[in-house]
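A look at the structure
So the chains spell out like this:
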Amino acid sequence: MSNIAVSLQNLTLAYGDTIAVPSLNLDIIDGELIALLGPSGCGKTTTMRAIAGLMKPRSGTILIDGKDVTKTPANKRGVGLVFQSYALFPHLTGFENVAFGLRLKKRPNDEIVQRVEAGLELVGLSHLATRKPSELSGGQQQRLSLARSLVMEPKVLLLDEPLSNLDARLRLDMRTELQALQRQTGITMVFVTHDQSEALALADRIVLMKNGHIEQIGSPEALYDSPQTVFAADFVGFENIFSVGLNTQNEGTTIYNNTGELTLPYQANVSHLAWRPGGVVVGSGPHKGVVTGMAFAGDKREYVITTSAGKIKADVDVSVPAIQIGEDVFFDLPESSARMLDDKATQTQFKHG
Amino acid sequence: MGQTWASRLIIFTTLLFLVGPFIIIIFAGLSAGSSLAFPPDGLSLKWYLAVFEVESFRQSFVLSMFLAVGGTLTALVIGVPAAYAICRYNIPGAETIKIIVAAPIIVPGIIVGLALLRYLVVPLEFTVTLALFLAHTALVLPYAVRVVSASLQNLRTDIEEAAVLLGCNRLQAFTKVILPNIRSGILAAFILGFVTSFNQVPVSLFLSGPGVRTLPIDMLAYMEITYDPSVAALSALLAFLSIGIVFIAEKTLGFSRYV
Amino acid sequence: MFQNRTEGLALVLPAAVFIAVLFLFPVGILLSEGFKVGGEWSLAGYADFVSKPLNRTVFFRTLKLGFLVAFVSAIIGYATAFCIVNLEPAQRGRVFGLIILPLMISPVARTYAWIVILGRTGIVNKAIVGMGLSDSPIRFLFTETAVFIGLLQLFMPLMIVSLISAMENLPKDAIPAARVLGASWLQVFTKVILPLTREGLVLGGTLVFTGALTAYITPAILGGSKVLMLETLLYQRVNVSNDYVSAGIIATILIVMCFGANVVLRRVAKA
C-alpha cells in the first residue's frame, strides 16, 4: 500500500456562519498529482487553503506525512503554494524571490546560491534571475513562483488554478512542464481547477467536488467514461441528461426532463440516462425533432435539435452534409452510447411531466 | 485657431490669479527699501538674509520643524497599523472607526486648538509644546491613514500569505514584504503630513505661549508690529522649501498619485 | 489569515483612541459649553447669541462668502479645467503642477501677498492713481471683497483639481457626439458635461465651501475686525471677552455646517 502524504479527516471548514466544507475525508497518496475539480463555490480552494494552513478548520484533522498538523501554523507546515496570480514579491528580483524562504531559514549563502540557481534552472529562468517580477511575462512569473516553492522542498505543493491566467498556447506548454516537473521531483502536487479538461489532462487522480462534498474520486479515464452521478456526468460533458420514469410496460423506457418526454425502445433500470452530443445519432432513428441551431466547429457540426423533450445537443461529423435550421430530422439516443446513472439523490432535479 | 487662443487666455488668467501673488511676494522680499512695496524700491537680498537674524523666527522655525517631523512620524507609527487593519481585516465597527480617524480633517482647526488649550493644557498642566505636538499628530493622522491605505490597497493580499508559507511569521511578513512595497506611500504620507503640519495655523492659534510659537503664528504676530519686507522674504523662502520638497517627491515617487 | 478580528482591532485601536481621547473628547466638551449658562444646561446661550445683530451678520456673511467662493470657483474652475484637459499631455502636466503649487505654499504667505497687491501703496492702487482714475488710493483691505478674493485664490485649486479628474473620466467621444447630434455649446455643457462631472463638482464644492467657512488667516489678515467671519469671531470672543459660551456655539455651528455640507452634497452627488 502506498504512503499517504496528506490525510483530511472529517474536515469541516467555515467562513463565519457559512459552512463551506462539511466533514470532508480524503487521502492524498505520496507522489501523486491530484486535482480538486469543481465549479466555483464547491469548496476546493477552501480545502486547499486549509491544507496550507491559511485557514483554520472548524473541526477535523489534517495529517501531513502521518503527523497531525491541524494546529501547526502555516509557516511551519512545510507546504508550498503557487498562488493563482503568483503572489511574487514586487520589490525583489527573480533570484531574491526564490531565495526568500531559504534566507529566512538562515541557510549558508553558498547553499542558497546553489539551490536558487538549481531551482531557476529547473523552470528555465536562469537568464532572468535579475529581473523584477513586473518585467516578466505571465508564464515566466508562474514558473518563478513554482521555483520559489520548489526550492523549499515542500512535502506537498499546492497549485491554485495553475493554468487559468495563461493564454491558450502557454497553457499547453505549462501542462507538459508541470507533469515533467512532478515526475522529476516526485513531489506530491495538489492543484485546484474549475476546468475539467485541465484536470483530465494533468492529474493522476481527480477529486470532483460539489457544495463541499466529494462527488466522485477517480482516474481521469474513470471520471470521463463512468461518471457516477448526474453532476459528474454533466461536468465531464454529458450534455443531454434525462430522468428515467417508472415504466409499467416492459417494452421501453420513458425519459423526461423539464420540458417533455421521449420513449426509448429499450429498458433501463437506472435513475438517469445521459448522452454526450457525440453519442446522439442524427439522420435516422425513431424520434423526430427540428433543427433549431447549428454551429460549425471544424471537424464537426454542433446541432441543437428541439424535440418533445426539450433541446438536445448533437455533434455530427463534418463529412455528413449540413442540415439547415428549420428542417425536421430523425434522431436516435442509442443504448450503446448511453451512460446509465443510478443517482437517486438527484431524482428530484427534474420536474415530472 | 481662435479656440486655442481663447483656451490659452483662460488658463493664463487663472494661473496669473493663482500664482501671481506668489511671484509678487518673491519680489517684494527682494526690496532694497524698508517698506513693503511692489514693484520693490531697488533690488537687494538684504531682507532674505535679515530673516535669519530674527531670533524669534529661528526659535519658531525649530518648533515648527519639530512639530512637523515629530508629529508626522508619530502619526505614521500609529497610522500605518491602523491603515493596515482597515485594509486587511474585517474589523467590527469599521465604519465608525473610519469616521473617528477621519474626524480631524473635518473639525476646524481653531476649535481643536481651543479645546486642547482649555481641557488639556490648563487643567492637566500639559505644556503648550506637548499640546501642540498632540494636536499636530492628530491633524496629520487622517492623511497618514488615507495615503498609506491607498498604497496598501494597490498591493495584493496574497503576497503576505506567500511569505508566511515560505516561513515568515506575521511580523516578518509585514516587515519583509509589506513594508518594502508601501515605502513610497509612507514617504508620500510623510511629505503630505509635513507640509500640512508646517503650514498649519488655526490649530496653533490658541496653543502658543511665551517663546513657544509655531513659525506661521510668529509671522502673523510679526506682521502686526512691523510692515517691512522680511515677512515677504520669509514667506517666499518657506514656499520654496515646500515646493522643493514636493517637487523632489513628485520626481522620485510620483507623489501626486497619493494626494 | 485576516480572520482574527481582535488582532485587527488591536492594530487600529491606538489611532482611534488617540483621536477619540485627545481630539474628539476635548472638542466635545467645548461644544457642550454652548449649551450651558452659569453651569446649568440651558439653551439661553443660543437665544442670546442669535439675538445679537453682529452674530447674525457674521453668520450670514460667512455662509454667503462660502457659497460665493464655491460658486465662482465652479464657474472659473469649469472653464479652466476644460481648457487644461484639452491640452497635450506634457503641457497639461506642467499647468497642473502650477495649479496645485499654491496648495503647497503657506496660507500666511499666500494671504500676505494680497496686502502687497491691495494695500494703500499696493500695485492696484498705484495703477489706479497713476492712470488718474482716482485722486487718492481706494481702500480694498478690510473689505468683504478682499476676503472674497483671498478665499477664492486659496481654495480654487481644490475645485479645479476635482473638476480636472472628473473631466478626465468623461467618455472620450461624448462631447463630439453631442455636437454631431446638433447640441449647442451651452447644451453640451448643461446636458453632457455637467451631469457627467457632477461628482467632481460636488467634491470640489464641498472642499471649497468648508474650506472657506473654516479659514482663519484670510479673514484675519484681509478682513480684520471690520469683516469678521465665524472663525475670527470665535477667536475674538475667546481672546477679548473670554466668552466660552459663544465659543462653544460658534464651534457647534461650524462643525454642523461642515458635516452638513459633506452629508448634503454627497446626497446630491448620488441623486
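In this numbering scheme, every chain counts its residues from 1 along its sequence in written order. For this description, chains carry letters from A and ligands carry numbers from 1, given in the order in which they are written. A pLDDT threshold of at least 70 governs which residues receive local features in this predicted model, and a stricter bar of 80 or more applies before side-chain atom pairs are shown or counted, although totals over entire chains, interfaces and linings include all residues. As a rule here, side-chain values cover all heavy atoms of the structure and leave hydrogens and water aside.

A count of helices and strands for chain A gives eight helices and 19 strands. Considering only C-alpha atoms, chain A reaches an extent of 80 × 45 × 40 Å along its principal axes. Accessible area is worked out with a 1.4 Å probe on protein chains only. A residue is then buried under 20% of its type maximum, exposed over 50%, and partly exposed in between. Buried residues in chain A amount to 52% of all 353 residues. Partitioning the intrachain contacts of chain A with sequence separation of at least 6 by distance along the chain shows that 65% fall at a separation of at least 24. Surface summary for chain A: the accessible area is close to 16000 Å², and the carbon and sulfur share equals 49%. Secondary structure elements are taken from DSSP: a helix is a run of H or I of four residues or more, a strand is a run of E of two residues or more, and numbering for both begins at the N terminus. Contacts: residue pairs with any heavy atoms within 4.5 Å of one another. Note on areas: Shrake-Rupley, 1.4 Å probe, and residue coverage restricted to the protein chains presented here.

With that settled, the discussion passes to the environment of Ile255 of chain C. Locating Ile255 of chain C in the fold gives a position in helix H13 (residues 244-270). According to the relative accessible area criterion, Ile255 of chain C is buried, its value standing at 10%. In this structure, the C-alpha to C-alpha distance between Ile255 of chain C and Val268 of chain C, residues 13 residues apart in sequence, is 20 Å. Setting aside residues no more than four positions away along its own chain, Ile255 of chain C makes contact with Val107, Pro108 and Ile111 of chain B together with Val27 and Leu31 of chain C.

Looking now at the packing of helix H12 (residues 230-241) of chain C against H13 of chain C. Residues and elements named next belong to chain C. To obtain an axis, a line is fitted to C-alpha atoms, over the contacting stretch when the element is a helix, and the angle between two such axes runs from 0 to 180 degrees between their N-to-C directions. It is at 8 Å that the axes of H12 and H13 come closest, and there the two elements cross at 160 degrees. Judged by the angle between their axes, H12 and H13 are roughly antiparallel. The handedness of the crossing between H12 and H13 comes out as left-handed. Taking contact as the criterion, the partners of Leu230, Glu231, Leu233, Leu234, Arg237 and Val238 in H12 are, on H13, Tyr244, Ser246, Ala247, Ile250, Ala251, Ile253, Leu254 and Met257. Angle categories: roughly parallel below 35 degrees, roughly antiparallel above 145, roughly perpendicular from 65 to 115, and oblique for all the rest. Left-handed describes a crossing in which the near helix is turned anticlockwise from the far one by less than a right angle; the clockwise case is right-handed.

On to the interface of chain B and chain C, then. Across the contact, 75 residues belong to chain B and 74 residues belong to chain C. Here the quantity called buried area is the total loss of accessible area, with a 1.4 Å probe, experienced by two parts when brought into contact, counted for both. Between chain B and chain C the total buried area reaches about 6900 Å² when both faces are included, carbon and sulfur atoms providing 82% of it. The term salt bridge refers to a pairing of a side-chain nitrogen on Lys or Arg with a carboxyl oxygen on Asp or Glu at a separation within 4 Å. Linking chain B with chain C are two salt bridges. In this structure, the salt-bridge partner of Glu33 of chain C is Arg118 of chain B, at a minimum N-O distance of 2.9 Å. Polar contacts here mean pairs of N or O atoms no more than 3.5 Å apart (in protein, one a potential hydrogen donor and the other a potential acceptor; neighbouring residues in sequence count only if both atoms are side-chain atoms). Where chain B meets chain C, there are eight residue pairs in polar contact (both at pLDDT 80 or more). A total of 15 residues in the side of chain B that touches chain C trace back to one element, the largest contributor, which is helix H1 (residues 2-29) of chain B.

Below, the discussion takes up helix H1 (residues 44-52) of chain A. Residues and elements named next belong to chain A. Of all nine residues making up H1, eight are buried, and the element is well covered by its neighbours. Along H1, the positions that sit buried rather than exposed are Lys44, Thr46, Thr47, Met48, Arg49, Ala50, Ile51 and Ala52. With its phi angle positive at about 95 degrees, Gly53 sits one or two positions after the end of H1.

Now for the sheet that holds strand S4 (residues 59-64) of chain A. Either a parallel or an antiparallel arrangement is found when strands of a sheet pair, and the pairing is made through backbone hydrogen bonds. Residue and element names in this part refer to chain A. Note on pairing: DSSP must find at least two bridges between two strands before they are called paired. Here four strands make up an open sheet; going across it, the order is S2-S1-S4-S5 and the pairing antiparallel. This sheet does not close on itself; its edge strands, each paired only once, are strand S2 (18-29) and strand S5 (67-68). The strands that H1 touches are strand S1 (4-15), S2 and S4; relative to S1, the one it contacts most, it runs at about 115 degrees.

This part is about the confidence of the model for chain C. All names here are of chain C. pLDDT is a per-residue confidence score from the predictor, ranging from 0 to 100. On average, residues of chain C score 88 in pLDDT, and 99% of them are at 70 or above. At the level of individual helices and strands, chain C shows its lowest average pLDDT in strand S1 (residues 36-37), which scores 82, and its highest in helix H3 (residues 53-85), which scores 94. We note a pTM of 0.83 for the whole complex and an ipTM of 0.88 for its interfaces.

It is worth spelling out the pairing of strand S10 (residues 213-218) of chain A at this point. All names here are of chain A. Examined bridge by bridge, strand S9 (residues 205-210) and S10 share five bridges and lie antiparallel to one another. When the sheet's bridge partners are listed, Ile206 is paired in S10 with Gly218. Taking the residues between adjacent antiparallel strands as the criterion, S9 and S10 are bridged by two residues, where Asn211 takes a positive phi near 50 degrees.

Working definition: rings of Phe, Tyr and Trp (its six-membered ring) pair if their centres are within 6.5 Å, and the pair is stacked with planes under 30 degrees apart, edge-to-face with planes over 60 apart, and tilted otherwise. The final tally for this structure, using the stated rule, is 18 aromatic pairs over all chains. Between Phe61 of chain B and Phe198 of chain B, the ring centres sit 6.0 Å apart and the planes meet at 75 degrees, which makes this aromatic pair edge-to-face. Separated by 137 residues along the polypeptide, Phe61 of chain B in helix H3 (residues 55-88) and Phe198 of chain B in helix H9 (residues 183-199) bring together distant segments of the chain. Both rings, one in Tyr78 of chain C and one in Phe189 of chain C, keep their centres 4.9 Å apart while their planes meet at 90 degrees; by these two values the pair is edge-to-face. Of this pair, Tyr78 of chain C sits in helix H3 while Phe189 of chain C sits in helix H9 (residues 185-196); the two residues are 111 residues apart in sequence, bridging distant segments of the chain. For Tyr78 of chain C, a relative accessible area of 7% corresponds to the buried category. Members of the aromatic cluster, connected to one another through ring pairs, are Phe61, Phe190, Phe194 and Phe198 of chain B. Cation placement over rings: the criterion is NZ of Lys or CZ of Arg within 6 Å of the ring centroid and within 35° of the ring normal. The ring of Phe89 of chain A is capped by Arg148 of chain A, whose NZ or CZ atom sits 4.6 Å from the centre of that ring.

Moving on to a nonpolar patch on the surface. Note that patches include only residues with greater than 30% relative accessible area and no salt bridge, and the join distances are 9 Å for like charges and 5 Å for nonpolar side chains (Val, Leu, Ile, Met, Phe, Trp, Tyr). A surface patch of nonpolar side chains, about 290 Å² in accessible area, is lined by Ile23, Phe27 and Leu43 of chain B. When you line up the elements, Phe27 of chain B lands in helix H1.

Think of two packed helices as two axes; the pair is described by the angle between the axes and how far apart they sit. Residue and element names in this part refer to chain C. As a packed pair, helix H7 (residues 144-168) and helix H10 (residues 198-213) sit with axes 8 Å apart at the nearest point and diverge in direction by 165 degrees. Comparing their axes, H10 and H7 come out roughly antiparallel. You can see that H7 and H10 cross each other, and the crossing is right-handed. Taken together, the residues of H10 that come into contact with H7 (itself represented by Leu151, Phe155, Leu158, Met159, Ser162, Leu163 and Ala166) are Gly200, Leu201, Leu203, Gly204, Gly205, Leu207, Val208, Gly211 and Ala212. Each residue is assigned to one of three groups, with Ala, Val, Leu, Ile, Met, Phe, Trp, Tyr, Cys and Pro labelled nonpolar, Asp, Glu, Lys and Arg labelled charged, and all others, Gly among them, labelled polar. When grouped by side-chain class, the residues that make up the contact of H7 with H10 number 11 nonpolar, five polar and no charged.

All names here are of chain A. Pairing is mixed in the open sheet, where six strands are placed in the order S6-S7-S8-S3-S9-S10. For this open sheet the edge positions go to strand S6 (79-82) and S10, each flanked by a neighbour on one side alone. Here the average twist between neighbouring strands, direction ignored, is 20 degrees. Running at roughly 155 degrees to strand S8 (residues 188-193), helix H5 (residues 168-185) makes contact with strand S3 (33-37), strand S7 (156-160) and S8 of the sheet.

This next bit is on the nonpolar core. Residues enter a nonpolar core if they are buried and are Ala, Val, Leu, Ile, Met, Phe, Trp, Tyr or Cys, with the set joined through side-chain atoms within 4.5 Å. Judged by nonpolar contacts, the single largest core of 278 residues is most densely connected at Leu146 of chain A, Ile111 of chain B together with Leu234 of chain C. Here this core gets 16 residues from one element, more than from any other, and that element is helix H6 (residues 128-153) of chain B. Those residues in contact with Ile111 of chain B that sit more than four places away from it in its chain are Val27, Leu30, Leu234, Ala251, Leu254 and Ile255 of chain C. Within the second largest apolar cluster, 24 residues are counted, among which are Tyr266, Trp275, Ala314 and Leu333 of chain A.

A few words now on unusual backbone geometry. Residue and element names in this part refer to chain A. The phi dihedral of Ala87 is positive, around 50 degrees, even though this residue is not glycine. Looking at the secondary structure, you find Ala87 in the loop between S6 and helix H2 (94-104). A residue is classified by how much of its surface remains accessible, and Ala87, at 0% relative accessible area, is buried. In this model, Lys106 sits at a positive phi of 55 degrees, which is unusual for a non-glycine residue. By relative accessible area, which is 69% here, Lys106 ends up exposed.

The next thing to look at is the confidence of the model for chain A. Averaged over every residue, the pLDDT of chain A is 89; the share at 70 or more is 95%. Segment residues 348-353 of chain A: pLDDT under 50, and 13 contacts once partners within four positions in sequence are set aside and those in other chains are kept.

What follows deals with the side chain of Thr47 of chain A. Topologically, Thr47 of chain A is positioned in helix H1. Thr47 of chain A has contacts with Leu8, Leu13, Val21, Leu24, Leu36 and Met209 of chain A, leaving out every residue within four places of it along the chain.

This part is about the pairing of strand S12 (residues 253-256) of chain A. Residue and element names in this part refer to chain A. Judged by which residues are buried, S12 turns out to be covered on both faces: Thr253 and Ile255 on one side and Thr254 and Tyr256 on the other are all buried. Here four bridges tie S12 to strand S13 (residues 261-264), and the two strands are oriented antiparallel to one another. When the bridges of S13 are listed, Tyr256 appears paired with Glu261.

Quick look at the pattern of salt bridges now. Throughout the structure, instances matching the rule amount to 21 salt bridges over all chains. Put simply, Glu144 of chain C and Arg61 of chain C hold a salt bridge, and the shortest N to O gap is 3.0 Å. Within this pair, whereas Glu144 of chain C is found in helix H7, its partner Arg61 of chain C is found in helix H3, the two being separated by 83 residues in sequence. Taking relative accessible area as the criterion, Glu144 of chain C reaches 27% and is therefore assigned partly exposed. Under the relative-accessibility criterion, Arg61 of chain C is labelled buried at 14%. Three or more residues joined by partner-sharing salt bridges are found here, namely Arg107, Glu111, Arg115 and Glu153 of chain A.

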